[in-house]
Amino acid sequence: MTDSPSYARNDGEFGVGEVPPEYDVEETVEEHKSTGARIVEALRANKLALAGAVAIVLLVLVAAFAPFVAPHGPEEQFGFMQEPMSQSTGDFDGDGQMETVTHYLGTDSFGHDILTRIIFGARVSLLVALATVAFAFTVGTTLGILAGFYGGWVDSVVMRYIDFQWAFPEIILGVGIIAVMGGLGVTNVVLAIGIAFIDDFARIIRGEVLSIREEEYITAARAVGMNDVRIMFKEMLPNAVAPLIVQATLMIPFAILAEAGLSFLGLGVKPTTPTWGLLISDGRQFISRAWWISVMPGLAIMVTVLAFNTLGDGLRDAFDISEEEVN
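Bear in mind that the values here come from a model prediction, so they are computed numbers and not experimental data. (Residues numbered from 1 in each chain as written. Predicted model: local features only at pLDDT ≥ 70, side-chain atom pairs only at ≥ 80, totals over all residues. Heavy atoms only, no water.)

Chemist: Explain the packing of aromatic side chains to me, please; I cannot follow it from the model alone.
Modeler: The description of an aromatic ring pair rests on the distance of the ring centres and on the angle between the ring planes. According to the stated counting rule, one finds four aromatic pairs in the structure shown. Note on phenylalanine 137 and phenylalanine 201: the rings are 5.6 Å apart at their centroids and 65° apart in plane angle, and the pair reads as edge-to-face. Of this pair, phenylalanine 137 sits in helix H4 (residues 114–150) while phenylalanine 201 sits in helix H7 (residues 186–212), and the two are 64 residues apart along the sequence. The exposure class assigned to phenylalanine 137 is partly exposed, which follows from its relative accessible area of 26%. (Phe/Tyr/Trp six-rings, centres within 6.5 Å; stacked < 30°, edge-to-face > 60°. Helix = DSSP H or I, 4+ residues; strand = E, 2+ residues; numbered from the N terminus. Buried < 20%, exposed > 50% of the residue type's maximum accessible area, 1.4 Å probe, protein only.)

Shown next, in the form of structure tokens:
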């Protein structure tokens with residue numbers, strides 16, 4: 001039996017399956033994370049941001065269930081300008097005895113329980129802030145995408161408007177808009193502050209669109225025949241939304257402060273509506289005699305603003321956004 005011919009194997013210098021050390025490099029590809037996953041991861045890593053998020057959730061729940069959480073009715077009256085932790089008599093209980101109630105934060109000049117007014121005021125203040133930011137987000141993002149995507153005269157017109165708006169302080173612009181619209185009310189306040197905040201979102205999204213409009217996936221979208229609207233809002237916006245989320249989180253406390261400022265000046269909601277700004281305004285003339293009327297709602301504003309700011313800082317770190325991009 002004849003042996004089959006054998007062929008010599010040349011395994012090379014490094015043997016079978018071996019590669020030179022200089023080519024043995026491990027490559028890692030970062031796993032894509034959704035926006036929600038990055039937010040959750042950031043809250044777990046940043047305790048201050050998590051505390052801010054918890055405080056915001058609690059505040060929203062208290063505002064939503066104000067009639068069940070507040071110790072009294074918003075128009076219920078007791079003794080005038082009673083100090084914090086003071087007591088007064090209320091309605092008769094089931095045994096026919098006068099009920100004694102405690103005013104943990106005192107009462108105002110009309111005899112209203114301040115804690116109750118703060119809880120009900122949170123409803124209006126948060127509603128105005130969220131509606132304002134939602135309006136500014138929608139309009140500003142639309143203008144910024146159009147300016148960055150089309151460029152040319154569209155970009156020039158939008159950016160000249162942004163420059164014009166930047167020339168006015170936001171509170172002054174809000175006062176002017178309310179004066180033009182006339183009348184008090186939640187709707188006018190939302191429109192006034194929302195219009196004043198449009199430029200912040202338009203500037204951010206325009207810069208993001210300018211940086212990604214020449215990316216390969218945008219070129220591919222054009223090549224397959226996608227229309228401009230779909231490219232802008234289905235392809236570009238999801239990839240540029242991170243700084244907008246951070247900016248929205250940071251703008252909510254500014255909206256709360258703006259509403260409080262307008263209400264303090266008497267240009268906000270109607271005087272009978274309980275808001276934190278009106279509560280501060282009502283107590284300013286009694287600040288030397290009953291400091292708690294203005295200080296307590298001021299502390300509520302401070303805690304809320306601090307909670308949103310810590311949450312915004314945590315989200316900014318999560319999305320790796322520099323401070324200049326969102327300020």
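Chemist: Mind showing me how you'd approach the environment of aspartate 313 here?
Modeler: Within the element layout of this structure, aspartate 313 appears in helix H11 (residues 292–318). Considering only alpha carbons, one finds aspartate 313 and glutamine 247, 66 residues apart in sequence, at a separation of 10.0 Å. A distance of 3.0 Å separates a polar atom in the side chain of aspartate 313 from a polar atom in the side chain of arginine 316. (Polar contact = N/O pair within 3.5 Å; in protein donor to acceptor, adjacent residues only side chain to side chain.)

Chemist: What's the story with helix H5 (residues 152–166) in this structure? I'm lost.
Modeler: Each turn of an α-helix holds 3.6 residues, which means side chains three or four residues apart point in the same direction. Taking 1.5 Å of rise per residue, the 15 residues of H5 would be expected to cover 21 Å, and the 21 Å separating its terminal C-alpha atoms lies within 8% of that figure. Regarding H5, the residues found buried are Val154, Asp155, Val158, Met159, Ile162 and Gln165. Down the axis of H5, the buried set is contained in an arc of 115°. They therefore lie on one face. Among the exposed residues of H5, those oriented more than 90 degrees off its buried face are Gly152, Trp153, Val157 and Phe164. Tucked inside the fold, the buried residues of H5 contact H4, helix H6 (170–181) and H7. (Expected span 1.5 Å × (residues − 1). Arc of directions from axis to C-beta. Contact = heavy atoms within 4.5 Å.)

Chemist: I keep staring at the environment of valine 154 and nothing clicks. Help me out?
Modeler: Locating valine 154 in the fold gives a position in helix H5. When its relative accessible area of 18% is taken as the criterion, valine 154 is described as buried. Through-space distance from the C-alpha of valine 154 to that of leucine 143 is 9.3 Å; in sequence the pair is eleven residues apart. Aside from chain neighbours lying at most four places away, what touches valine 154 is Leu146 and Ala147.

Chemist: What is the right way to read a nonpolar patch on the surface from this model?
Modeler: A cluster of nonpolar residues, Leu50, Val54, Val57, Leu58, Leu61, Phe65, Phe68 and Val69, forms a patch on the protein surface that exposes about 770 Å² of accessible area. Secondary-structure elements contributing two or more residues to the nonpolar patch are helix H2 (47–64) and helix H3 (66–69). Sort the elements by how many residues they give to the nonpolar patch and H2 lands first, with five residues. Its place among the elements puts phenylalanine 68 in helix H3. (Patch = residues over 30% accessible without salt bridge, like charges linked within 9 Å, V, L, I, M, F, W, Y side chains within 5 Å. Areas by Shrake-Rupley, 256 points an atom, 1.4 Å probe, with all protein chains shown as cover. Salt bridge = Lys/Arg side-chain N within 4 Å of Asp/Glu carboxyl O.)

Chemist: It is not clear to me how the packing of H2 against H11 should be interpreted in this structure. Could you clarify?
Modeler: The relative placement of two packed helices is expressed as an angle between their axes plus a distance between the axes. Viewed as axis vectors pointing N to C, H2 and H11 meet at an angle of 135°, and their least axial separation amounts to 7 Å. The angle between H2 and H11 falls in the class oblique. Our pair here, H2 against H11, has a crossing hand that is left-handed. Where H2 abuts H11, its residues Leu48, Ala49, Gly52, Ala53, Ala55, Ile56 and Leu59 lie against Thr304, Ala307, Phe308, Thr310, Leu311 and Gly314. Residues that form the contact of H2 with H11 fall into these classes: nine nonpolar, four polar and no charged. (Axes fitted to C-alpha atoms, helices over the stretch in contact; angles between N-to-C directions. Parallel < 35°, antiparallel > 145°, perpendicular 65-115°, else oblique. Left-handed = near helix turned anticlockwise from the far one by under 90°. Nonpolar A, V, L, I, M, F, W, Y, C, P; charged D, E, K, R; others polar.)

Chemist: In this structure, what is going on with the nonpolar core? I would like to understand it.
Modeler: Nonpolar side chains tend to gather and get buried jointly when the protein is soluble and globular. Residues Ile256 and Trp276 are the most contacted members of the largest nonpolar core, which totals 67 residues. Of all the elements in the fold, those that place two or more residues in this core are H2, H4, H6, H7, helix H8 (216–223), helix H9 (228–264), helix H10 (276–283) and H11. Among the elements that make up this core, the one with the highest residue count is H9 (17 residues). Not counting chain neighbours up to four residues away, the residues in contact with isoleucine 256 comprise Ser125, Leu126, Ala129, Trp276, Ile301, Thr304 and Phe308. Ala147, Val158, Met159 and Ile162 belong to the second-largest nonpolar core, a separate cluster that totals five residues. (Core = buried A, V, L, I, M, F, W, Y, C linked by side-chain atoms within 4.5 Å.)

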